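# Working through the structure, step by step
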Amino acid sequence: MNPFSSGTRLRDMIRAIRASKTAAEERAVVRKECAAIRAAISENDQDYRHRNLAKLMFIHMLGYPTHFGQMECLKLIAHPGFPEKRIGYLGLMLLLDERQEVLMLVTNSIKQDLNHTNQYIVGLALCALGNICSAEMARDLAPEVERLLQFRDPNIRKKAALCSIRIIKKVPELAENFMNPAAALLKEKHHGVLLTGVQLCTDMCKVSTEALEYFRKKCIDGLVKVLKDLSNSPYAPEYDVSGITDPFLHVRLLKLLSVLGQGDADTSDAMNDILAQVSTKTESNKNAGNAILYECVATTMSIEDNSGLRVLAINILGRFLSSRDNNIRYVALNMLMKAISLDSQAVQRHRATILECVKDSDASIRKRALELVYLLVNKSNVKSLTKELIDYLEVSDPEFKGDLTSKICSIVEKFSLEKIWYIDQMLKVLSEAGKFVKAEVWHSLIVVITNASNLHGYSVRSLYKAVQTAHEQETLIRVTVWCIGEYGEMLVNNSGVLDIEDPITVTEADAVDVVETAIGRHSSDLTTQAMCLISLLKLSSHFPSCSKRINDIIFQYKGSLVLELQQRAMEFNSVIGKHSKIRSSLVERMPVLDEATYSGRKAGSVSPSVLTSQGAPLKLPNGVAKPTSAPLIDLLDISSDDIPAASPSDGNFLQDLLGVDLSPASSQQVSGTNQIQKSGTDVLLDLLSIGTPPAQSSSPALDILSSGQNGKRSVDLLDKLASPSAQVSTPLGSSSVMNLLDGFGSNPSVPVAKVNGPTYPSIVAFESSSLKATFSFSKESGNPQTTVIEAQFINKSPNIFSGFLFQAAVPKFLQLQLEPASSITLPASGNGSITQKLRVSNSQQGKKSLIMRIRISYKMNDKDILEEGQISNFPRDL
């Protein structure tokens, strides 16, 4: 016989495939065998049809296409013999799924087999239906399956129950037809049938509220009795697992009780006693017992309040934490994270055990325990928990220090009781794991120090002592250098000494040594070195006796290969050597940084008022469109790749980035009479070194710290500052420079198109307890891709909203422009509204619908409020 004819035995084909040494040989064997099977199918070979289908199933499992054999499954299913039907149904389940149209042809055959006298053929049909049943098949065959739930053979009842689960998931409205048969299955003595019946009832409760109420009224007492009998049952060898009778049925019963008891006090009361009995009687030294206890705890947490039972459940989780099995401890930590919202006090009792889990060798347990500790922190235990975590930080693994540092910083910032405690804890973290501290954390520390005027001396002395022992921590060095530059004279003079401090003696040379050591470290990055140069400039004014030494240190960086350091060194040398009269005013102490403003920026909110360099709030217009700053945003990759934000204030990205005022109308007063005006375009030209921006400048600070053309130009500008009225102006380059920028210039006025076209229904885009936003839509004539949205905002609360600011972001296939809002004040109780127009251009109109994220900020009773949401219910054809 041809080894690859249709009559080849399955085992011979498998042997030939496994003997292939390369993938090419395997493909050749499969190709020949598939060709032989196709020939047999075309010849309607009935003798080897079942063998061919068995070989096709093996080939399918290897990943080769076998669609040409699907009809063979139907032919074998229609065969009267059991062996052929068995292969046919197996092929049906393996080669097809519910999306195949071929299934429509097999519905009648399955219906006939469900009514067959041979129970084994009925079982085959139920098994296939439970695996590939579609919604149409479920509606057609549901009566037969419902009838089989009362069949005499327990195996058929079990398979019918499993098939019913598939049917009600596909067609939930059929659940009411199965309520009575499912309730009858809960009285079964056969554990297999009872197990499937419990699962059927559980799934019915999830898809049908009628079924849920029915089982609560009719079955709760029976379920409690079944669980009680099962818990008290003697040894049964056919169901015994590690000395526990049928733990699988235990777990399923507890899950059903959890669903029934959730949200219903009477049902929960009915199961309290049996849950307490299972919790206390089940042994926890076996894995099967632990599974039952865990499910019992989950049920206790989900049903209505019973404080005593919940304490018992949390104590069980506490025992789990002492287990040697990592899996048991992990699931216990997960469950405790859910339980803390229900009974925080009971979880607090196991705080010591949870802290020990933070020190576990298993990384997953460490991370989960750390998250749980973070949830456990409150004002009463923050000091003790923070001390424990910082102590462990000293000995923790390097790969865990990042997560641990982040959580400690969050705890300290969230629950700081007093500023001195906050500063002490942050210093400990910076000393132990400074390289893992994020930038916004040490920025926050500096902000807190500037606001604590009575702690300036204490802070700089503490930092000085800390940096002596932890001189490799980059962020600690940055904060220390900054504080020495600002408060160096307090360090030397021992100003503001507190009672808790140990006296130290620091000379001017010692303070300069710290900065010199920091700037000379080979591992110091550009940020640290730049901060050191600024600190040295300030110390040259504070410590005149060290001025020459400081000048020599700065001079070394005039030849630096880093342009930023080279330019700063040249400018600072010029300030120290030639401009001693203005040096003291240049290096005055930094103004107090507003903590609330910084916190808002760090949280990602955009304040409607931005501080100018003099500290006065600059009011920005609400809802100015994006277009001119968009190219720079893309160039610098400031915005997200997925959600390019439409900025309601022109240039505010650069305002945050550069820390300068980009508003064309703003001006800055310098030295009493001289003024500087600098538009957003000018700063962009200066940033990109394209052309020479028009400027009239007599501000020494700006000239020193700006990114000019070269160091010489900056020094020349400083030389001209001797005369108070000196002004420097440079003409703007040719218009070709602006062409190169391609739209970086002033924002041209956007022509307003006439709006008309089809009408669209308005939608409620966003609604909260205090605010409602409604969108109305219209189209521009001749431009179907552009939609004009008129947003109307109504205040539902009795308080007036001020500083109202609306922002929106869209995916890349959309272009969004915002027009200014009608007002920034929203009257209370719906007595008025704010309107604002948006223009959205959809480059994939008809393929993708509009989608938008929005952010609305305002002030209510002098409190900043931020609300966010996503809008996806736009009309489809926009």
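Residues numbered from 1 in each chain as written. Predicted model: local features only at pLDDT ≥ 70, side-chain atom pairs only at ≥ 80, totals over all residues. Heavy atoms only, no water.

## Let's talk about the overall build of the protein chain
Our working rule: Strands are runs of DSSP state E lasting at least 2 residues, helices are runs of H or I lasting at least 4, and numbering of each runs from the N terminus. For the exposure calls, accessible area comes from a 1.4 Å probe over protein chains only, and a residue counts as buried if that area is under 20% of its type's maximum, exposed if over 50%, partly exposed in between.
Summing up its helical and strand segments, the protein chain has 39 helices and 16 strands in all. For the protein chain, the proportion of its 878 residues judged to be buried stands at 49%.

## Considering the nonpolar core
Considering soluble globular proteins, one finds that nonpolar side chains tend to be buried as a cluster. Selection rule: Only buried Ala, Val, Leu, Ile, Met, Phe, Trp, Tyr and Cys residues count toward a nonpolar core, and they belong to the same one when joined by side-chain atoms within 4.5 Å.
Ranked by size, the top nonpolar core spans 105 residues in total, and within it Leu 389 and Val 479 carry the most contacts. In terms of residue count, helix 27 (residues 474-493) provides more of this core than any other element does, 11 residues in total. Counting 96 residues, the second largest nonpolar core, distinct from the first, contains Ala 128, Ile 167, Leu 227 and Val 259.

## Description of the packing of aromatic side chains
To keep things clear, this is the line we draw: Pairing of aromatic side chains here covers Phe, Tyr and the six-membered ring of Trp, requires ring centres within 6.5 Å, and sorts the geometry by plane angle: under 30 degrees stacked, over 60 edge-to-face, intermediate tilted. Only when the NZ of Lys or the CZ of Arg is both within 6 Å of the ring centre and within 35 degrees of the ring normal is a charge said to sit over the ring.
Overall, the coordinates contain 10 aromatic pairs when judged by the stated rule. With 5.1 Å between their ring centres and 55 degrees between their planes, Phe 793 and Phe 804 make a pair best called tilted. With a gap of 11 residues between them, Phe 793 in strand 11 (residues 783-795) and Phe 804 in strand 12 (residues 801-809) connect regions that are remote in the sequence. Each member of the pair, Phe 793 as well as Phe 804, is classed as buried. An aromatic cluster is defined as three or more aromatic residues linked by ring pairs; in this entry it consists of Phe 793, Phe 801, Phe 804, Phe 806 and Tyr 858. The aromatic ring of Phe 68 is capped on one face by Arg 38, whose charged end is 4.1 Å from the ring centroid.

## Some points on the pairing of strand 15 (residues 852-860)
To be explicit about the condition: The criterion for strand pairing is that DSSP finds at least two bridges linking the strands in question.
Relative to strand 15, strand 12 is paired through 7 bridges, and the arrangement is antiparallel. Among the inter-strand pairings, Phe 806 is bridged to a residue of strand 15, identified as Ile 856. Relative to strand 16 (residues 863-871), strand 15 is paired through 9 bridges, and the arrangement is antiparallel. Note on strand 16: the bridge partner recorded for Ile 854 is Gly 869. Between strand 15 and strand 16, which follow one another and run antiparallel, lie 2 residues, and Asn 861 among them has a positive phi close to 55 degrees.

## Points about the pairing of strand 11
As paired strands, strand 10 (residues 771-780) and strand 11 are joined by 10 bridges and run antiparallel to one another. Each bridged residue has a counterpart across the sheet, and for Lys 779 the counterpart in strand 11 is Thr 787.

## Considerations on the state of the cysteines
By definition, a disulfide links the sulfur atoms of two cysteine residues through a covalent bond. Going by this rule: For this text, the term disulfide refers to a pair of cysteine sulfurs within 2.5 Å.
One pass over the full model with this rule turns up 0 disulfides. Left without a disulfide partner, Cys 133 is nearest to the cysteine sulfur of Cys 163, which lies 6.1 Å away. On the accessibility criterion, Cys 133 (0% relative accessible area) is buried. Just so you know, Cys 205 is unpaired, no disulfide at all, and the nearest cysteine sulfur is the one on Cys 201, 6.6 Å from it.

## As for helix 22 (residues 382-393)
Here is the rule: For a helix, the expected span equals 1.5 Å multiplied by the residue count minus one. In this description, the arc belongs to the directions extending from the helix axis to the C-beta atoms.
With 12 residues, helix 22 extends 16 Å from end C-alpha to end C-alpha; this agrees with the ideal 16 Å at 1.5 Å per step. Regarding helix 22, the residues found buried are Val 382, Leu 385, Thr 386, Leu 389, Ile 390, Tyr 392 and Leu 393. Buried residues of helix 22, seen end-on, are gathered within an arc of 160 degrees and therefore sit on one face of the element.

## Some remarks on the side chain of Glu 295
We apply this condition: For the purpose of counting charges, residues Lys and Arg are taken to be positive, whereas Asp and Glu are taken to be negative. His and the chain ends are not included. The term salt bridge refers to a side-chain nitrogen of Lys or Arg lying within 4 Å of a carboxyl oxygen of Asp or Glu. Should any heavy atoms of two residues lie within 4.5 Å, those residues are considered in contact.
Here Glu 295 shows up in helix 16 (residues 287-302). For Glu 295, which is buried and forms no salt bridge, the nearest opposite charge comes from Lys 255, at a distance of 4.5 Å. Those residues in contact with Glu 295 that lie beyond four places of it in its chain are Val 251, Leu 254 and Lys 255.

## With respect to a positive patch on the surface
Filter applied, for reference: The residues that make up patches have over 30% relative accessible area and no salt bridge, and they are joined within 9 Å when like-charged or within 5 Å when they are Val, Leu, Ile, Met, Phe, Trp or Tyr. All accessibility values rest on the Shrake-Rupley procedure with a 1.4 Å probe; residue burial counts only the protein chains present in the view. Note on charges: their place is set at NZ of Lys, CZ of Arg, CG of Asp or CD of Glu.
On the surface, Lys 169, Lys 206, Arg 252 and Lys 255 cluster together into a positively charged patch. Looking at the element boundaries, Arg 252 is found in helix 14 (residues 247-261). Looking at Arg 252, the relative accessible area reads 31%, which means it is partly exposed.

## A few points about the pattern of salt bridges
In total, this model carries 29 salt bridges according to the counting rule given. Ionic pairing is found between Glu 173 and Arg 139, a salt bridge with its closest N-O pair at 3.5 Å. Here Glu 173 is found in the loop between helix 9 (154-170) and helix 10 (179-185), whereas its partner Arg 139 is found in helix 8 (residues 135-148), with 34 residues between them in sequence. In this structure Glu 173 comes out as partly exposed when scored by relative accessible area, which is 49%. Overall, the relative accessible area of 47% leaves Arg 139 in the partly exposed class. Here Glu 188 makes a salt bridge to Arg 157, at a shortest N to O gap of 3.0 Å. In this pair, Glu 188 is assigned in the loop between helix 10 and helix 11 (191-207) and Arg 157 in helix 9, connecting sequence segments 31 residues apart. In this structure, a network of salt bridges that share partners links the residues Arg 9, Asp 12 and Arg 15.

## Comments concerning helix 6 (residues 103-114)
The end-to-end C-alpha distance of helix 6, which contains 12 residues, comes to 16 Å, matching closely the 16 Å that a straight helix rising 1.5 Å per residue would cover. Of all the residues in helix 6, the buried ones are Leu 103, Val 106, Thr 107, Ser 109, Ile 110, Asp 113 and Leu 114. Of the surrounding elements, those touching the buried residues of helix 6 are helix 4 (70-77), helix 5 (82-95), helix 7 (119-132) and helix 8.

## Here's the deal with the confidence of the model for the protein chain
What counts here: The pLDDT value tells you how sure the predictor is about a given residue, anywhere from 0 up to 100.
Predicted confidence across the protein chain gives a mean pLDDT of 80, with 81% of residues reaching 70 or more. This stretch, residues 1-5, has a pLDDT under 50; its non-local contacts, to residues over four places away or in other chains, come to 12 contacts.

## Comments concerning the packing of helix 2 (residues 23-42) against helix 3 (residues 49-61)
Under the convention used in this document: Orientation is described by axes fitted as lines to C-alpha atoms, over the contacting stretch for helices, and by angles from 0 to 180 degrees between their N-to-C directions. Note on convention: near helix rotated counterclockwise from far helix by under a right angle means a left-handed crossing. Clockwise means right-handed. In the scheme used here, Gly and all other residues not listed as nonpolar or charged are polar, with Ala, Val, Leu, Ile, Met, Phe, Trp, Tyr, Cys and Pro taken as nonpolar and Asp, Glu, Lys and Arg as charged.
In the contact formed by helix 2 and helix 3, the axes pass within 11 Å of each other and the chain directions differ by 145 degrees. Seen from above, helix 2 lies across helix 3 with left-handed handedness. Contact with helix 2, carried on its side by Val 30, Glu 33, Cys 34, Ile 37 and Ala 40, involves Asn 52, Lys 55, Leu 56 and Ile 59 of helix 3 and no other residues of that element. Of the residues that constitute the contact of helix 2 with helix 3, the class distribution is 6 nonpolar, 1 polar and 2 charged.

## Focus: the side chain of Glu 474
Stated precisely, the cut-off is as follows: Polar contacts, as counted here, are pairs of nitrogen or oxygen atoms within 3.5 Å of one another; within protein the pair requires one atom able to donate a hydrogen and one able to accept it, and residues that are adjacent in sequence qualify only if both atoms are side-chain atoms.
The residue Glu 474 is located in helix 27 in this model. Among the polar contacts made by the side chain of Glu 474, one reaches the side chain of Arg 521 at a distance of 3.3 Å. If near-sequence neighbours (up to four positions away) are discounted, Glu 474 is found in contact with Arg 521, Ser 523, Ser 524, Asp 525 and Thr 528.

## Side note on the environment of Lys 170
Of note, Lys 170 is situated in helix 9. Excluding anything up to four places from it in sequence, Lys 170 contacts Glu 98, Cys 133 and Ala 135.

## A word on the packing of helix 28 (residues 508-520) against helix 29 (residues 526-542)
In plain terms, the rule: Should an angle fall under 35 degrees it is taken as roughly parallel, and over 145 as roughly antiparallel, whereas 65 to 115 is taken as roughly perpendicular and any remaining angle as oblique.
As a packed pair, helix 28 and helix 29 sit with axes 9 Å apart at the nearest point and diverge in direction by 155 degrees. In terms of orientation, helix 28 and helix 29 fall into the roughly antiparallel class. Remark: the crossing between helix 28 and helix 29 carries left-handed chirality. Where helix 28 approaches helix 29, its residues Ala 511, Val 512, Val 515, Ala 518 and Ile 519 are matched on the opposing element by Gln 529, Cys 532, Leu 533, Ser 535, Leu 536 and Leu 539. Considering only residue class, the contact of helix 28 with helix 29 consists of 9 nonpolar, 2 polar and no charged.

## Quick word on the environment of Leu 149
Looking at the secondary structure, you find Leu 149 in the loop between helix 8 and helix 9. Given the relative accessible area of 3%, Leu 149 is considered buried. With 48 residues separating them along the chain, Leu 149 and Gly 197 place their C-alpha atoms 9.5 Å apart. Excluding anything up to four places from it in sequence, Leu 149 contacts Arg 157, Ala 160, Ala 161, Ser 164, Phe 178, Pro 181 and Leu 185.

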